[in-house]
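Listed below are the residues making up each chain.
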Amino acid sequence: MQNLTQDMTKKNPLGLILKFAIPLLIGNIFQQAYTIVDSIIVGRGVGSFALASIGAVDWLQWMLSASLIGLAQGFGVAFSRSFGEKDYKELKNNIYIGFILSVIIGVLFVVFSEIFSYKLLILLNTPTEIIYLSLEYIRFLFLGLIIVMMYNFLASILRAIGNSKTPLIAMIFAAIINICLDIYFIFELKMGVKGAAIATVIAQFFSAIYCFIVLKKIEILNFTKEDYKFNINKAIYLLKLGLPMSFMNIIIGIGGIIVQRVTNIFGIVFVTGVTITNKLYALFEIGGTSIGLSVATYTAQNHGAKKIDRIFKGFKAAVALAIISSFIIGGLMIVFGKNIISLFIDGNLDNSKKIIDVSYAYLSVMCFGLWLLHLLHIFRSTLQGLGNTLFPLYSSIIEFILRVTTVLVASKIIGGNAIFYSEISAWIGAVLFLGTGVYLSFNNLEKFCEII
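To start, this report covers the structure provided alongside it. Residue numbers here run from 1 along each chain, matching the order of that chain's written sequence. Local features in a predicted model are, by the rule used here, given only for residues with pLDDT of at least 70; side-chain atom pairs are given and counted only at 80 or more, and totals for whole chains, interfaces and linings are based on all residues. Neither water nor hydrogens contribute to the side-chain values; these are computed over all heavy atoms in the structure.

1. Considerations on the overall build of the chain
Per the secondary structure count, the chain includes 15 helices and zero strands. Atoms counted for the radius of gyration: C-alpha only. Globule rule: 2.2 Å times the number of residues to the power 0.38. Relative to its length of 452 residues, the chain is compact, with a C-alpha radius of gyration of 21 Å against a globular reference of 22 Å. C-alpha atoms of the chain, sized along the principal axes, occupy 70 × 45 × 35 Å. Here the term buried applies to any residue with accessible area under 20% of the maximum for its type, exposed to any over 50%, and partly exposed to those in between, with areas from a 1.4 Å probe on protein chains only. Buried residues in the chain amount to 60% of all 452 residues. Within the structure as shown, the chain displays about 18,500 Å² of accessible surface, and the carbon and sulfur contribution to it stands at 68%. Neither His nor the chain ends is counted toward charge; the positive residues are Lys and Arg and the negative residues Asp and Glu. Each charge is placed at NZ for Lys, CZ for Arg, CG for Asp and CD for Glu. Once the 34 positive and 23 negative side-chain charges of the chain are each reduced to a mean point, those two points are 5 Å apart. Where helices and strands are cited, they refer to DSSP runs of H or I of at least four residues and of E of at least two residues respectively, numbered from the N terminus. Only the protein chains shown count as cover for residues, and the accessible areas themselves come from Shrake-Rupley with a 1.4 Å probe.

2. Quick look at the pattern of salt bridges
Take a side-chain nitrogen of Lys or Arg and a carboxyl oxygen of Asp or Glu: if they are within 4 Å of each other, that pair is a salt bridge. Overall, the coordinates contain seven salt bridges when judged by the stated rule. Salt-bridge contacts for Lys92 lead to Asp227; the nearest nitrogen and oxygen are separated by 3.4 Å. Placement of Lys92 in helix α4 (residues 88–123) and of Asp227 in the loop between α8 (192–215) and α9 (232–265) is noted, with a sequence separation of 135 residues between them. In this structure Lys92 comes out as buried when scored by relative accessible area, which is 12%. Within the structure, one salt-bridge network assembled from shared partners comprises Arg380, Glu399, Arg403 and Glu423.

3. Structural notes on the packing of helix α7 (residues 165–188) against α8
Axes here mean lines fitted to C-alpha atoms, for a helix over just the part in contact, with angles spanning 0 to 180 degrees between N-to-C directions. α8 packs onto α7 with a crossing angle of 155 degrees between their chain directions and a minimal axis gap of 8 Å. As summarised for this structure, α7 and α8 are arranged roughly antiparallel, according to the angle between their axes. Viewed along their axes, α7 and α8 form a crossing whose handedness is right-handed. Class assignment for the residues of the contact of α7 with α8 results in 18 nonpolar, six polar and one charged. Angle categories are assigned with fixed cut-offs, so that under 35 degrees is roughly parallel, over 145 is roughly antiparallel, 65 to 115 is roughly perpendicular, and the rest are oblique. Crossings are assigned a handedness: left-handed for a near helix turned anticlockwise from the far helix by less than a right angle, right-handed for a clockwise turn. Each residue gets one of three labels, nonpolar for Ala, Val, Leu, Ile, Met, Phe, Trp, Tyr, Cys and Pro, charged for Asp, Glu, Lys and Arg, and polar for the others, Gly among them.

4. A few points about helix α11 (residues 308–342)
Taking 1.5 Å of rise per residue, 35 residues should cover 51 Å, and α11 covers 49 Å from first to last C-alpha, within 8% of that figure. Along α11, the sharpest change in direction is near 65 degrees and occurs at Phe336. Each helix should span, by expectation, one fewer than its residue count multiplied by 1.5 Å. Bend, at a single residue, is the angle you get between axes fitted to the 7 residues ending at that residue and the 7 residues starting at it.

5. Points about the packing of helix α10 (residues 268–304) against α11
α11 packs onto α10 with a crossing angle of 170 degrees between their chain directions and a minimal axis gap of 10 Å. Between α10 and α11, the angle falls in the class roughly antiparallel. Contact residues: Ile276, Leu280, Leu283, Phe284, Gly287, Ile291, Val295, Tyr298, Thr299, Asn302 and His303 in α10; Ile308, Arg310, Ile311, Gly314, Ala318, Leu321, Ala322, Ser325, Ile329, Met333, Ile340 and Ile341 in α11. Its residues assigned to classes, the contact of α10 with α11 comprises 16 nonpolar, six polar and one charged. Only heavy atoms enter the contact rule, under which two residues are in contact if any of them lie within 4.5 Å.

6. As for a nonpolar patch on the surface
Here the term patch refers to residues with relative accessible area over 30% and no salt bridge, with like charges joined within 9 Å and nonpolar side chains (Val, Leu, Ile, Met, Phe, Trp, Tyr) within 5 Å. A grouping of Leu14, Leu18, Ile22, Ile26 and Phe30 is seen on the molecular surface, where their side chains present a nonpolar patch of about 360 Å² in accessible area. Among the structural elements, Phe30 can be located in helix α1 (residues 13–45).

7. Quick look at the environment of Ile428
Residue placement: Ile428 occurs in helix α15 (residues 418–451). Judged by relative accessible area, Ile428 falls into the partly exposed class, the value being 39%. Taking C-alpha positions, Ile428 is 6.7 Å from Leu372, a pair spaced 56 residues apart along the chain.

8. Quick word on empty space enclosed by the protein
Cavities and pockets were defined on a 1 Å grid built from protein atoms only: a cavity is a group of points that admits a 1.4 Å probe but offers it no way out, a pocket is an open group of points flanked by protein on both sides within 12 Å along at least five of seven lines, and a lining residue is one with an atom within 4 Å of any such point. Grid points are joined across faces, edges and corners, and a volume is the space filled by probe spheres set on the points. Tallied over the entire structure, the rule returns two cavities of 30 Å³ or more. Considering the residues around the second largest cavity, the lining is formed by Trp59, Val259, Gln260, Thr263, Val274, Asn278, Tyr362, Ile419 and Glu423. Residue assignment for the lining of the second largest cavity shows that the elements contributing at least two residues are α9, α10 and α15. Among the elements that make up the lining of the second largest cavity, the one with the highest residue count is α9 (three residues). Looking at the lining of the second largest cavity residue by residue, the class counts come to five nonpolar, three polar and one charged.

Structure below.
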């Protein structure tokens, strides 16, 4: 059991956060690697129209997947607290109830997405040349939303008990499977974008299965009949933690969809360029997300154990790590950005230079503001680890307002370049608001220390 769990209420905070974050970082690299390779294979094997068809639904795909991920992360806060308190009976019962909720919500998402896929594409102003390619892609991808929910639910349990290595191995397996199937489905079977979607779903299925197999080996998670009790109050408690985080991602996603709608107006070349940078976006975001997930688990475990001083120390260490990682990743992307972008497209195409110019211009703006994005993840995850899900939810509303306002107003003045700056404006607003939330929460924790 010691190799499969990690108590983060003891030992050096910086070391623990790093030890937990590094497997997450590597796992996220593999996850984004197969997403990027997926796009490269589609771009080179099917064509720029096919790549644009995937990019045209990026935000829609992200919104539905991220809302399920947010729900699982919210449940994970409850699991981390129970583990920190060493209340394993409570942990198992919460896991059972969380599983029931995850299945129900996952199925509802699949049904919703399949019914409204085409209408959503129309709403997005998807160019007529690619709308049916986009539809074919997302319908197969959305069938796998229940698998997305299950993987993230299982991964949230593992992270809650301090195990970030298993999700890493799961992502490595998924990356290898996804890339191999991509090549086979697209180049051998000529399945086009449909093949890319099916490959992704199959890869996610195997990653979920692997996490489940490992969880079965963890002694403290050996369930008995008493653990299989559905308690409505506990279900409400889990939903109170999970739904705000899910709604947070939905609100961010809606803002992104509006941005996508404006992006689609500027034509296939612009959409393709933005698509490439958006694929890379997740890659240079991983430093912030990995440290953020680490600090969320660390904070929740120590909050459950009532070790408040350790929360403060862990937060400071996480901020330092986030800033350093953002400078390293941003610098590398600016230096090697054009070389990486060129991998996505056939250099012999007439519009390849225009696509590269659009993509690199967007990439450069994002990289200069990357430190803001990484801080955003640390602030948000710290609050979530403390069980404060309302500040992150409200911050998503601020992100929405700033992102949409920037796009709608600035696009009339500077055209498509407004898309580039909408992200930076959203990050600035969210960081200021979340920073205030962290300050207030830490003040409350100090008062709590004085009382006890």
